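The lines below spell out each chain.
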Amino acid sequence: MSQIYDRVALIGLGLIASSMAHAIRRGGLAGEIVGTARSAETRDIARELGFCDRVVDSAAEAVKGADLVVLAVPVGAMSAVAAEIAPHLAKGATVTDVGSVKQAVIDAVGPHLSEDLHFIPGHPLAGTEHSGPRSGFAELFDNRWCILVPNGADKDATIRLRKLWEGLGSNVEEMDPEHHDLVLAVTSHTPHLIAYTMVGVADDLRRVTDSEVIKYSAAGFRDFTRIAASDPTMWRDVFLTNKDATLEILGRFTEELFALQRAIRTGDGDALHDYFTHTRAIRRSIIEAGQDTDAPDFGRVGQHEVKKS
Ligand SMILES: NC(=O)c1ccc[n+]([C@@H]2O[C@H](COP(=O)([O-])OP(=O)(O)OC[C@H]3O[C@@H](n4cnc5c(N)ncnc54)[C@H](O)[C@@H]3O)[C@@H](O)[C@H]2O)c1
Ligand SMILES: O=C(O)C(=O)C[C@]1(C(=O)O)C=C[C@@H](O)C=C1
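Residues numbered from 1 in each chain as written. Chains lettered and ligands numbered in written order. Predicted model: local features only at pLDDT ≥ 70, side-chain atom pairs only at ≥ 80, totals over all residues. Heavy atoms only, no water.

1. A look at the pairing of strand β9 (residues 171–174)
Just so we agree on the cut-off: A pair of strands counts as paired when DSSP detects no fewer than two bridges linking them. Helix numbering and strand numbering both begin at the N terminus, where a helix is a DSSP run of H or I of at least 4 residues and a strand a DSSP run of E of at least 2. The definition of a right-handed crossover adopted here requires that, viewed with the strands pointing away, the path from the first strand over the helix to the second runs clockwise.
Where strand β8 (residues 145–148) lies against β9, 4 bridges are found, and the strand directions are parallel. The residue of β9 that forms the bridge with W145 is N171. Once the chain exits β8 it traverses helix α6 (residues 155–167) before rejoining the sheet at β9, and the crossover so formed is right-handed.

2. Details of the pattern of salt bridges
Note that side chains of opposite charge can pair when their charged atoms are close. Note the cut-off: Any Lys or Arg side-chain nitrogen located within 4 Å of an Asp or Glu carboxyl oxygen qualifies as a salt bridge. A simple rule labels every residue: compare its accessible area, found with a 1.4 Å probe on the protein chains alone, to the largest value its type can have, and call it buried under 20%, exposed over 50%, or partly exposed in between.
With the rule as written, the count across this model stands at 15 salt bridges. Put simply, E248 and R252 hold a salt bridge, and the shortest N to O gap is 2.8 Å. Of this pair, E248 and R252 both sit in helix α11 (residues 243–265), 4 residues apart, which is roughly one turn of the helix. Residue R252 is classed as partly exposed on the basis of its relative accessible area, which comes to 26%.

3. A look at the site of ligand 2
Put simply, the rule is: When we say a residue is near a molecule or strand, we mean one of its heavy atoms is within 4 Å of it. Pairs of N or O atoms within 3.5 Å make up the polar contacts considered here, provided that, within protein, one atom can donate a hydrogen while the other can accept it, and that residues adjacent in sequence are counted only when both atoms are side-chain atoms. Note that accessible areas follow from Shrake-Rupley with a 1.4 Å probe, and for residues the cover is restricted to the protein chains shown. Throughout, the ten residues Ala, Val, Leu, Ile, Met, Phe, Trp, Tyr, Cys and Pro are labelled nonpolar, Asp, Glu, Lys and Arg are labelled charged, and all others, Gly among them, are labelled polar.
Near ligand 2 you find S100, H123, P124, A126, G127, T128, E129, S188, H192, R226, M234 and W235, and these make up its full shell. Contact distances for ligand 2 include 2.7 Å between an oxygen atom and a side-chain N or O atom of S100. Residue G127 places a main-chain N or O atom 3.1 Å away from an oxygen atom belonging to ligand 2. Protein chains shield 83% of the accessible area of ligand 2, which is 370 Å² for the free molecule. Taken together, the elements giving at least two residues each to the shell around ligand 2 come down to β7 (122–124), α7 (177–209) and α10 (232–241). A class-by-class count of the residues in the shell around ligand 2 yields 4 nonpolar, 6 polar and 2 charged.

4. A few points about the nonpolar core
Note the threshold: Among buried residues, those of type Ala, Val, Leu, Ile, Met, Phe, Trp, Tyr and Cys that are joined through side-chain atoms within 4.5 Å constitute a nonpolar core. A contact between two residues is defined here by any heavy atoms of the two lying within 4.5 Å.
Of all hydrophobic cores here, the largest spans 37 residues; its most connected members are L13, M20, L164, W165 and L168. Mapped by element, the contributors of at least two residues to this core are β1 (5–11), α1 (15–27), β2 (30–36), β4 (68–71), β8 and α6. Top contributing element to this core by residue count: α1, with 7 residues. Setting aside residues no more than four positions away along its own chain, L168 makes contact with M20, A23, I24, R26, L29, F141 and D142. In this structure, A66, V73, M78 and L125 belong to the second largest nonpolar core, which totals 36 residues.

5. Quick word on the environment of S100
By the secondary structure assignment, S100 is in the loop between β5 (94–97) and α5 (103–109). On the accessibility criterion, S100 (11% relative accessible area) is buried. If we skip the residues at most four places from it in the chain, S100 touches V75, H123, H180, L184, H189, M234 and V238.

6. Considerations on unusual backbone geometry
The residue N143 is not glycine, and still its phi comes out positive at about 60°. Turning to its location among the elements, N143 is positioned in the loop between β7 and β8. In this structure, N151 takes a positive phi of about 50° despite not being glycine. Among the secondary structure elements, N151 is positioned in the loop between β8 and α6.

Right under this line is the structure:
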């Protein structure tokens, strides 16, 4: 792989930015990686780990002379960071982000950027429940999707950013922000909310059963606890900024849940069996189609029919 950008500036040095730095190094994709983070402690850890060529004390300083700037902070912090860096950006630079919600980032960042810049929002569909500069690793994006939301941005600048993500190991797809936010509400945001809730319920129950809930945790519940250990700030911002899509999917989820609840209460075994047969067929058809199970069917989400109860 060859160099794609001369200087990449990473703003925020947590899981995603540090993983990008490791993977940029692995692929030789940038001449120089400059990083910065809000807290001195994070900057010191990044210096100690050495995944950036330079760690500087402010975002304004980091973006100077960079031909790619990556905003890797929680979605709720994007606007303030964009305002801080805007006067210092190099002419013709590409500004991207890795936020989990796209329309809100466009609304927050877009107004700060001048016409001579290329603003191409992005979202790698890869992560873990860990955060901070020590949690990053070069393989995070391998064989995962990265969604770019060019939203009318320059074609050559988009191709260049696409090449970077391919160099980081990802498959790249382009999408409208609205569609992105709906797809992710289905595949990521609502599932996280359900995991948070399930672990909360189990914790309530634990008061009754002492440590039994944790002691006898089956694999399914352990997966919920892993997801529910994700960063509270990041997920607070996701739900505050992808409100409409999440509420829409949550509404549909609740309807289905009530239908299943009624089937259990009334002893309607056929309804339960039919439902589980249907969901099993969905999983099997994904595998038979040879699709990576990590990859949602982007075209179909949004046309989903809510099953009538
Ligand atoms: N963790 C995941 O699974 C995942 C996956 C894909 C995308 N994302 C998105 O990537 C972005 C970064 O997530 P992460 O997992 O790397 O988070 P992280 O918590 O590991 O790192 C976030 C970084 O942002 C900095 N930061 C936090 N609040 C800030 C503020 N108000 N102003 C300036 N800097 C601030 C932190 O100091 C830290 O350096 C988020 O927008 C998130 O939605 C996360
Ligand atoms: O694997 C995990 O821990 C994740 O939750 C990663 C995950 C996801 O839902 O798949 C979480 C948020 C992102 O914006 C992208 C990826």
